[in-house]
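# Understanding the architecture of this molecule
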Amino acid sequence: MDGEVCIIGGGAAGLMCAMTAARRGRRVRVIEHARQVGRKILMSGGGRCNFTNLYTAPDNFLSANPHFCKSALARYSQWDFIALVEQHGIAYHEKEAGQLFCDESSKEIVRMLLAECAEAGVEIVTGCAVLAVRASGSGFTLQTARGPLDCGRLVLASGGLSIPKMGATGFAYEIAQQFGHALEPTRAALVPFTLSGRPLQDWEGLAGLSHPVRVSAGGMSFDGALLLTHRGLSGPAILQISSYWSPGEDLAIDWLPGQDAASALLAAKRGSPAQSLAGWLAAQMPRRLAQRLAELAGAEEAPLAQRRDAELSALGARLNDWRIRPSGTEGYRTAEVTLGGVSTEAVSSTSMESALQPGLHFVGEALDVTGHLGGFNFQWAWASGHAAGQAL
Ligand code: FDA
């Protein structure tokens, strides 16, 4: 059908786009290759879906063009999505730093989107992969696992590369390139780091320990928990910094954020000279972590009184700027998002439409817009899906 809109991908962005366009009277069909729509929504936020963030702002997003996300985020804000959630009677709470989660289950968000789609008359086809796309007379012909399908307008909402087990494919990138769009290099983001060799041995036996740190790399810093794992480093602060880290770069970890450790150690030497570095640290972090840091710094046992001031200053400086070089990341297998993607250069920031192929739109994670951890990626999916849905 020439007047029909086809949306490839029944994730967050695809469903939002579908319900928005259908409410405006468009005939909309969503084609999803998994047996179920919204699988990432279901598994998100530990099963409770961190569906948006109260403090969403453009600087929570990475993109080669940091201005691209502004229009869509302004026209469909966190408040719009919260209003929708409230309209459906879904109970939610703020966990921390503006992160909103369902009280009960992510299923409620999927149910809400499906109810909106059903009410607006969206047709959802699951278990049907789109294999190829070509431009035809007045629109597009899709080659699907169930045969050819014509549509007037096409939305690529097929996401990025993270978690292939959940149905992620590079399909949007393939089709974008086919129509002449450039890609920004992709890599796994919001992902744990792996360590190997000496850096892995350094933290052996401490898996499961977590401590609030400030971690810096690539000119950016995040405060939050660092979790030691069997394979390396994880936790919110680590996931956040993974979006800014480049292979071969050190992470700079401040084990005592907000504290000038050098001055604090000199004061401790005067105040309680008999205590060791490990003892002093243990008052501020798990004992086993404190011991390991003191060991690695070569200052485990001796009382502070026996250490020269210069030595304590150097130890303090190291605690505020502890270097760890990851060997890599856990990759797309566990990454929450894909950094990079379809370049925004030839995409309209208001309609998400291609400047190279009229009638073709890109939404959600497929585009080169990546949010920080904390509900920002869903907010981008809602906002970009809504922008395209309004324009179709
Ligand atoms: P998404 O990947 O959701 O959807 C794309 C859909 O297209 C999929 O259903 C896929 O099966 C389908 N598809 C792909 N190729 C196809 C083809 N050829 N034919 C047909 N269908 C095709 N974000 C956040 O803000 N808060 C959170 O709590 C979390 N938590 C979280 C946990 C985990 C484990 C992950 C992996 C990710 C998160 N995220 C998150 C990130 C968030 O899930 C992500 O940014 C959005 O789901 C992106 O939405 P999209 O609709 O763009 O892609």
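Report on the accompanying structure. (Residues numbered from 1 in each chain as written. Predicted model: local features only at pLDDT ≥ 70, side-chain atom pairs only at ≥ 80, totals over all residues. Heavy atoms only, no water.)

Burial in helix 4 (residues 78-87) covers these residues: Gln78, Phe81, Ile82, Leu84 and Val85. Angularly, the buried residues of helix 4 cover 155° about the axis, an arc narrow enough to put them on a single face. Facing away from the buried surface of helix 4 by more than 90 degrees, the exposed residues are Trp79 and Gln87. For helix 4, the secondary structure elements touched by its buried residues are helix 1 (12-23), strand 3 (50-53), strand 5 (92-94), strand 6 (99-102), helix 5 (107-120) and helix 13 (376-391). Two to three positions downstream of the cap, the backbone nitrogen of Trp79 sits 3.1 Å from a side-chain oxygen, assigning the N-cap of helix 4 to Ser77. Gly89, located one to two residues past helix 4, shows a positive phi value of around 65°. (Buried < 20%, exposed > 50% of the residue type's maximum accessible area, 1.4 Å probe, protein only. Helix = DSSP H or I, 4+ residues; strand = E, 2+ residues; numbered from the N terminus. Arc of directions from axis to C-beta. Contact = heavy atoms within 4.5 Å. Polar contact = N/O pair within 3.5 Å; in protein donor to acceptor, adjacent residues only side chain to side chain.)

Here we take up the sheet that holds strand 17 (residues 251-254). Note: strands within a sheet are paired through backbone hydrogen bonds, in either parallel or antiparallel orientation. The seven strands lie next to each other as 18-17-14-15-16-13-19, forming an open sheet whose pairing is antiparallel. The sheet is open, and its two borders are formed by strand 18 (322-324) and strand 19 (328-329), each paired with just one other strand. Alignment of strand 14 (residues 210-217) against strand 17, held across three bridges, turns out to be antiparallel. Opposite Ser216, over in strand 17, you have Ala252 as the bridge partner. Across the sheet, helix 12 (residues 309-320) is in contact with strand 17 and strand 18; its angle to strand 17 comes to roughly 115°. (Pairing = 2+ DSSP bridges. Axes fitted to C-alpha atoms, helices over the stretch in contact; angles between N-to-C directions.)

Our next topic: unusual backbone geometry. The phi dihedral of Cys49 is positive, around 50°, even though this residue is not glycine. As for its placement among the helices and strands, Cys49 is situated in the loop between helix 2 (39-43) and strand 3. The phi dihedral of Ile163 falls on the positive side, at around 60°, and the residue is not glycine. Note on placement: Ile163 falls in the loop between strand 11 (153-156) and helix 6 (171-178). The exposure class of Ile163 is buried, given its relative accessible area of 14%.

The next point concerns the pairing of strand 14. Burial along strand 14 is one-sided: His211, Val213, Val215 and Ala217 are buried, and none of Ser210, Pro212, Arg214 and Ser216, which face the opposite way, are. Between the antiparallel neighbours strand 14 and strand 15 (residues 220-228) lie two residues, among them Gly218 with a positive phi of about 55°.

A sheet is described by the order of its strands in space; here five strands give the open sequence 7-2-1-11-21, paired in parallel fashion. Edge positions in the sheet fall to strand 7 (123-125) and strand 21 (360-362), since each has one partner strand and no second. Taken pair by pair, the neighbouring strands of this sheet meet at an average axis angle of 20°, ignoring direction. On top of the sheet, helix 6 reaches strand 1 (5-8), strand 11 and strand 21; it is set at about 130° to strand 11, its chief contact.

Neighbouring residues of the ligand: 33 residues in total, closest Ala13, Glu32, Thr169, Glu365 and Phe378. Contact between the ligand and Glu32: an oxygen atom at 2.5 Å from a side-chain N or O atom of the residue. Within the side chain of Lys40, an N or O atom sits 3.4 Å from an oxygen atom of the ligand. Each residue belonging to the shell around the ligand can be placed in one class, and the counts come to 15 nonpolar, 14 polar and four charged. (Near = heavy atom within 4 Å. Nonpolar A, V, L, I, M, F, W, Y, C, P; charged D, E, K, R; others polar.)

This part takes up the packing of aromatic side chains. Counting across every chain of the model gives 11 aromatic pairs. Relative to Phe81, the ring of Phe51 has its centre 5.8 Å away and its plane inclined at 50°; by these criteria the two rings are tilted. Taken as a pair, Phe51 in strand 3 and Phe81 in helix 4 lie far apart in primary sequence, 30 residues in all. Residue classification places Phe51 among the buried positions, given a relative accessible area of 0%. Classification of Phe81 by relative accessible area gives buried; the value is 0%. Among the aromatic side chains, those forming a connected cluster through ring pairs are Phe51, Phe81, Tyr92, Phe378 and Trp382. When the ring centre of Phe101 is taken as reference, the NZ or CZ atom of Lys95 above it lies at 4.9 Å. A cation over an aromatic ring shows up here: Arg318 above the ring of Trp322, its NZ or CZ 4.1 Å from the ring centre. (Phe/Tyr/Trp six-rings, centres within 6.5 Å; stacked < 30°, edge-to-face > 60°. Lys NZ or Arg CZ within 6 Å of the ring centre and 35° of its normal.)

Here we come to the nonpolar core. Judged by nonpolar contacts, the single largest core of 75 residues is most densely connected at Phe81, Ile109, Val133, Leu142, Trp380 and Trp382. A total of nine residues in this core trace back to one element, the largest contributor, which is helix 1. In contact with Trp382, not counting residues within four places along its chain, are Ala12, Met16, Ile41, Phe51, Tyr76, Phe81, Ile109 and Leu113. In this structure, Leu190, Leu206, Leu251 and Leu256 belong to the second largest nonpolar core, which totals 49 residues. (Core = buried A, V, L, I, M, F, W, Y, C linked by side-chain atoms within 4.5 Å.)

What follows covers helix 12. Each α-helix turn comprises 3.6 residues. Residues three or four places apart therefore point the same way. The end-to-end C-alpha distance of helix 12 is 17 Å, a good match for the 16 Å that 12 residues give at a rise of 1.5 Å each. Listed as buried for helix 12 are Leu312, Leu315, Gly316 and Leu319. Axial view of helix 12: buried residues confined to an arc of 100°, hence all on one face. Along its buried surface, helix 12 packs onto strand 17, helix 9 (261-271), helix 10 (277-282), helix 11 (287-296) and strand 18. (Expected span 1.5 Å × (residues − 1).)

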